Amino acid sequence: IEAGHRRMAFLRFVQLGLRDVDPDSKERQAGFVSACEAAGIKAKDRVILNTFPNDTAASKVFGSLLDKRPRVTAVLCCDPGRARLVLDAARRRGKAIPRDLSVITFQSHPPELPEVSGPRTDFFNLGRTAATLLRDPRFPPRHVRLSAPWAEGRTIAPPA
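In this report, we go over the structure that sits alongside the text.

About the thresholds
- Residues numbered from 1 in each chain as written.
- Predicted model: local features only at pLDDT ≥ 70, side-chain atom pairs only at ≥ 80, totals over all residues.
- Heavy atoms only, no water.
- Disulfide = S-S within 2.5 Å.
- Buried < 20%, exposed > 50% of the residue type's maximum accessible area, 1.4 Å probe, protein only.
- Core = buried A, V, L, I, M, F, W, Y, C linked by side-chain atoms within 4.5 Å.
- Helix = DSSP H or I, 4+ residues; strand = E, 2+ residues; numbered from the N terminus.
- Contact = heavy atoms within 4.5 Å.
- 1 Å grid on protein atoms, 1.4 Å probe; cavity = no way out; pocket = protein on both sides within 12 Å on 5 of 7 lines; lining within 4 Å.
- Points joined across faces, edges and corners; volume = space filled by probe spheres on them.
- Nonpolar A, V, L, I, M, F, W, Y, C, P; charged D, E, K, R; others polar.
- Polar contact = N/O pair within 3.5 Å; in protein donor to acceptor, adjacent residues only side chain to side chain.

### Details of the state of the cysteines
So, step 1. Going through the model one piece at a time under the given rule, you end up with zero disulfides.
So, step 2. The structure places no disulfide on Cys 36, whose sulfur is separated from the nearest cysteine sulfur, that of Cys 77, by 14 Å.
So, step 3. Residue Cys 36 is classed as buried on the basis of its relative accessible area of 0%.
So, step 4. Here Cys 77 stays unpaired: no disulfide links it, and the sulfur of Cys 78, its closest cysteine neighbor, is 7.2 Å away.

Structure below.
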């Protein structure tokens, strides 16, 4: 958004065993929508697409994303697996990252795709914090949020 993107997509992950969108994807999607709304980006200018475990870069979902008109200039992926598929699909179609499409993803630290920009979750710290919560009373439940520092990669540029 800060780079000037106004037509964006969010790729979420559907867990077949759950028959629903992955809970982490749901929360990340809510943040995406909230940021878009705060920036005045209308619902028609943001796309939310489902991806599945068996998707490949040749799957229809990526073709529909990359062929969309007016074109999507940035995509936020719920995880590095989705980001890898977007990068592969874009390159297969001759699109340059980030000139033609900016790609951002949520990742762990250390990252699976260090070249891709986005927040990094330190799962060691997450596990350590969770362990300290075990000694707390169960009720009322505590909601704890940990920071996910932004890591600048090579996948964001202003829209062409």
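### Observations regarding the nonpolar core
So, step 1. Residues Val 75, Val 86, Leu 101 and Val 103 are the most contacted members of the largest nonpolar core, which totals 23 residues.
So, step 2. Contributing elements (two or more residues each) for this core: strand 1 (8-15), strand 3 (46-51), helix 2 (60-67), strand 4 (74-77) and helix 3 (80-92).
So, step 3. Aside from chain neighbours lying at most four places away, what touches Val 75 is Ala 9, Leu 11, Leu 65, Val 86, Leu 101, Ser 102, Val 103 and Ile 104.

### Some words on helix 2
So, step 1. Those residues of helix 2 lying buried are Val 61, Phe 62, Gly 63, Leu 65 and Leu 66.
So, step 2. Tucked inside the fold, the buried residues of helix 2 contact strand 1, strand 3, strand 4 and helix 3.

### Some thoughts on the environment of Lys 26
So, step 1. Tracing the sequence through the fold places Lys 26 in helix 1 (residues 23-38).
So, step 2. Taking the C-alpha atoms as reference points, Lys 26 and Val 14, separated by 12 residues in sequence, lie 9.8 Å from one another.
So, step 3. Excluding residues that lie within four positions of it along the chain, Lys 26 makes contacts with Asp 20 and Val 21.

### Concerning the layout of surface pockets
So, step 1. Here the largest pocket is characterised by a volume of approximately 780 Å³.
So, step 2. Put simply, the parts of the chain that give the lining of the largest pocket at least two residues each are helix 1, strand 6 (107-108), strand 7 (118-121) and helix 4 (123-133).
So, step 3. Grouping the constituent residues of the lining of the largest pocket by class yields 10 nonpolar, seven polar and seven charged.
So, step 4. Computed from the structure, the second largest pocket encloses a volume of approximately 480 Å³.
So, step 5. Of all the secondary structure elements, the ones that give two or more residues to the lining of the second largest pocket are strand 1, helix 1, strand 4 and strand 5 (102-105).
So, step 6. The leading source of residues in the lining of the second largest pocket is helix 1, at five residues.
So, step 7. Residue classes in the lining of the second largest pocket are distributed as 15 nonpolar, three polar and two charged.

### What about the side chain of Gln 107?
So, step 1. Along the chain, Gln 107 falls in strand 6.
So, step 2. Reaching out from Gln 107, the side chain makes a polar contact with the backbone nitrogen of Glu 112 at a distance of 3.0 Å.
So, step 3. For Gln 107, the side chain forms a polar contact with the main-chain oxygen of Val 116, separated by 3.4 Å.

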